[in-house]
Each structure stands twice: as C-alpha cells, then as structure tokens.
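Summary of the model geometry
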Amino acid sequence: MADEHFANKSVDNQESRSNNLISSDPGDQHEKVPNQHKIFTSLVAGGVAGAVAKTTIAPFDRTKINFQVSSQKFSTKAALKFLVSTCRYEGVGSLWRGNSATMIRIVPYAAIQFTSHEQFKLLLKSNRQDHQTYLPPLERFLAGSFAGVSATSATYPLDLVRARMAVTHKDAFHTVQEVFIKTYRSEGIAALYRGYVPTIIGVIPYAGISFFTYETLKKFHSEKFSDDITPIHRMCYGAIAGAFSQSCTYPLDIVRRRMQTAGVMEGRQGYYKTIISTMLSITKEEGFLRGMYKGLSLNWIKGPIAVGTSFMTFETTLQFLRRFQVFHE
C-alpha cells in the first residue's frame with residue numbers, strides 16, 4: 001500500500017509539473033494569455049510564418065518580378081525558360097537570390113502584420129457589446145487593412161532592396177547594405193521610398209480583402225461544421241484568400257515593382273516617376289491586360305501557396321506557443 005501510494009503521488013507530481021508548463025485546454029488559451037504575451041507570441045509566430053511562406057515560393061517570386069519589371073511578354077513557357085536558364089547559368093541557388101533580403105524584410109513584416117491584426121481586432125471588439133468571436137464584415141476588412149498599412153510602412157525600404165536584388169545580376173549588389181549605400185548615393189534617400197504610394201494604395205484593399213476572406217471562411221466553417229478548424233482547413237482558406245485578394249489588386253503590384261526598380265534597369269532610369277505615368281507607359285508599350293496583369297497566372301500558383309502557408313503556420317505556431325503556462329502569467 002505504501003509503495004502504491006508513493007507511485008500515485010509521484011505520478012501526480014509529474015502531471016502537476018507538466019501542467020505548470022503546458023495548458024491542457026487549448027480552448028482557454030486566448031483568454032488566459034495577457035496582452036503583453038499576446039503581442040510577443042504573435043510577433044514570434046508571425047515572423048516564423050513569413051519566413052516559411054516566402055522561402056517556399058522564392059523561385060516563383062523571382063520569376064514573377066523578372067517579368068513584372070520588363071516589357072518581355074509573359075507565358076508559362078517563358079517562365080519555365082527563365083527558371084531553366086537561371087539554373088544553368090547562375091546555379092540553382094540563384095533562384096533564391098535576394099531571399100536573404102526577403103527574410104530581413106518579411107520576418108518583421110509578417111510579425112508586425114499578424115500582431116497588428118490581432119491588436120486591431122481586440123481594439124474593435126472592445127467597442128462592441130455583443131462579445132462575438134468574429135467581427136462584422138466591415139470591421140474585418142478594416143482590421144486587415146490597418147495591419148497591412150502598419151507592416152508596409154515599417155518595412156518598405158527592405159522591400160525595395162529585395163526587388164532590386166532580384167532583378168539585377170549577382171555582381172551588381174553583393175549585400176543588402178550595398179544596395180542601400182548605392183541607392184542612396186546615386187538616387188538619394190527618397191529613392192528608398194520610391195513606389196511607396198502605389199504600394200499603400202494596393203495594400204489597403206489587398207490586406208483588407210485577404211484577412212476579411214480568411215476570417216469569413218473560418219466563421220462559415222464554425223457555423224456550418226461541428227469539427228474544429230484544422231491546419232489543412234487553414235491552409236485551404238488562406239489559399240482562397242490569397243488568390244482572391246491578389247487578383248483584385250494585381251495592377252498596383254505591377255506599378256509598384258516598375259517604380260521600385262526603374263533606377264537599376266538599363267534604359268529605364270528616369271522612367272516611372274508617378275503612378276499615372278507608369279500605368280500610361282505600361283499600357284502604351286504592352287497593352288492594358290498584357291502589361292497590367294503580366295504574371296498573374298504565375299501569381300495564382302505562388303500566391304495561394306504563400307498566403308495559405310503563412311496563415312496555417314502562424315495559427316499553428318501561435319497555438320503551440322500559447323499552450324505554455326509561462327505565457328499565461
């Protein structure tokens with residue numbers, strides 16, 4: 001009896017120590033976590049999500065940017081030819097050229113975006129009396145838009161650096177720091193925010209539609225199905241949100257890239273000074289549909305993969321982190 005009592009006590013102590021580290025009830029995680037720990041865990045989960053998503057689709061991203069910033073006609077055959085040619089003459093690793101700059105940008109960008117989104121949702125919910133899990137449609141859109149603007153404004157120069165590294169030869173820029181220095185010396189400090197206005201104009205509907213669609217699909221799932229939302233569901237809902245939002249705002253992405261890279265593209269220095277002049281120039285030289293929607297079909301492949309992976313990784317990582325008791329104190 002004494003041995004049995006000692007064994008049971010030992011098991012109870014082990015379970016107690018385990019429960020001090022990890023919460024066994026995922027449903028109560030959100031309520032137990034104080035806001036400062038919500039911010040920290042969101043920043044970590046967002047950074048991880050951005051890094052995983054962008055690394056996954058980096059070769060497609062470089063291919064898309066190459067066509068966006070040139071007058072070359074886009075086709076699936078041309079995209080494959082670019083990928084093969086790049087691997088042959090520059091090596092397979094060159095498909096991830098600029099990915100270090102992407103990581104420097106996307107980790108803080110995704111961290112700020114997801115954290116801002118959660119905080120804006122909490123702020124909007126605090127002004128409501130119904131205490132519903134999901135916000136009304138307009139507020140769902142606004143929370144996403146505010147999050148996108150916050151993240152873009154904080155990290156924009158890094159996005160410009162990434163784009164320039166992606167479209168130039170590997171000998172043009174060797175490091176992120178070199179891009180900053182050469183851009184500043186040759187074009188001035190304002191060049192680091194070249195294309196900022198069309199980016200913000202584009203990110204307001206893009207981020208708004210993306211988060212709105214994702215949250216709406218989750219709300220629909222919760223209302224229509226009894227099972228929990230799994231990582232596969234999050235991946236699929238995120239993919240749908242990504243495809244829809246990118247299709248709606250793609251022309252502004254073209255304008256942004258042209259303005260960002262004009263200073264390093266041969267024969268394009270001095271081009272693309274304003275949003276209107278850039279759109280008119282592209283339309284005149286390449287036609288509206290072929291120019292303003294160039295590479296969209298490739299975006300329908302990489303976009304859903306990236307956004308779906310990002311949402312899935314963020315929420316899975318967030319749930320994992322918030323199971324730990326240390327974040328409940």
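Before going into details, it helps to say that this report is about the structure given with it. Since we're looking at a predicted model, the values are computed, not measured.

**Remarks on the side chain of Ser-245**
Tracing the backbone through its elements, the reader meets Ser-245 in helix α10 (residues 231-261). According to the relative accessible area criterion, Ser-245 is buried, its value standing at 0%. Apart from the residues lying within four places of it in its own chain, the contact partners of Ser-245 are Tyr-206, Ile-209 and Ser-210.

**Overview of helix α4 (residues 58-68)**
Residues that lie three or four places apart on an α-helix share one face, since the helix turns once every 3.6 residues. Burial within α4 is extensive, with nine of its 11 residues counted as buried. Buried within α4 are the following residues: Ala-58, Pro-59, Asp-61, Arg-62, Thr-63, Lys-64, Ile-65, Phe-67 and Gln-68.

**Re empty space enclosed by the protein**
Applying the stated criterion to the full structure yields two cavities of 30 Å³ or more. One number sums up the size of the largest cavity: a volume of about 770 Å³. Taken together, 38 residues line the largest cavity, and the ones lying closest to its centre are Lys-54, Tyr-109, Tyr-206, Gln-246 and Arg-256. Top contributing element to the lining of the largest cavity by residue count: helix α9 (residues 196-224), with eight residues. The residue inventory of the lining of the largest cavity, partitioned by class, reads 17 nonpolar, 11 polar and 10 charged.

Calculation criteria
Residues numbered from 1 in each chain as written. Predicted model: local features only at pLDDT ≥ 70, side-chain atom pairs only at ≥ 80, totals over all residues. Heavy atoms only, no water. Helix = DSSP H or I, 4+ residues; strand = E, 2+ residues; numbered from the N terminus. Buried < 20%, exposed > 50% of the residue type's maximum accessible area, 1.4 Å probe, protein only. Contact = heavy atoms within 4.5 Å. 1 Å grid on protein atoms, 1.4 Å probe; cavity = no way out; pocket = protein on both sides within 12 Å on 5 of 7 lines; lining within 4 Å. Points joined across faces, edges and corners; volume = space filled by probe spheres on them. Nonpolar A, V, L, I, M, F, W, Y, C, P; charged D, E, K, R; others polar.

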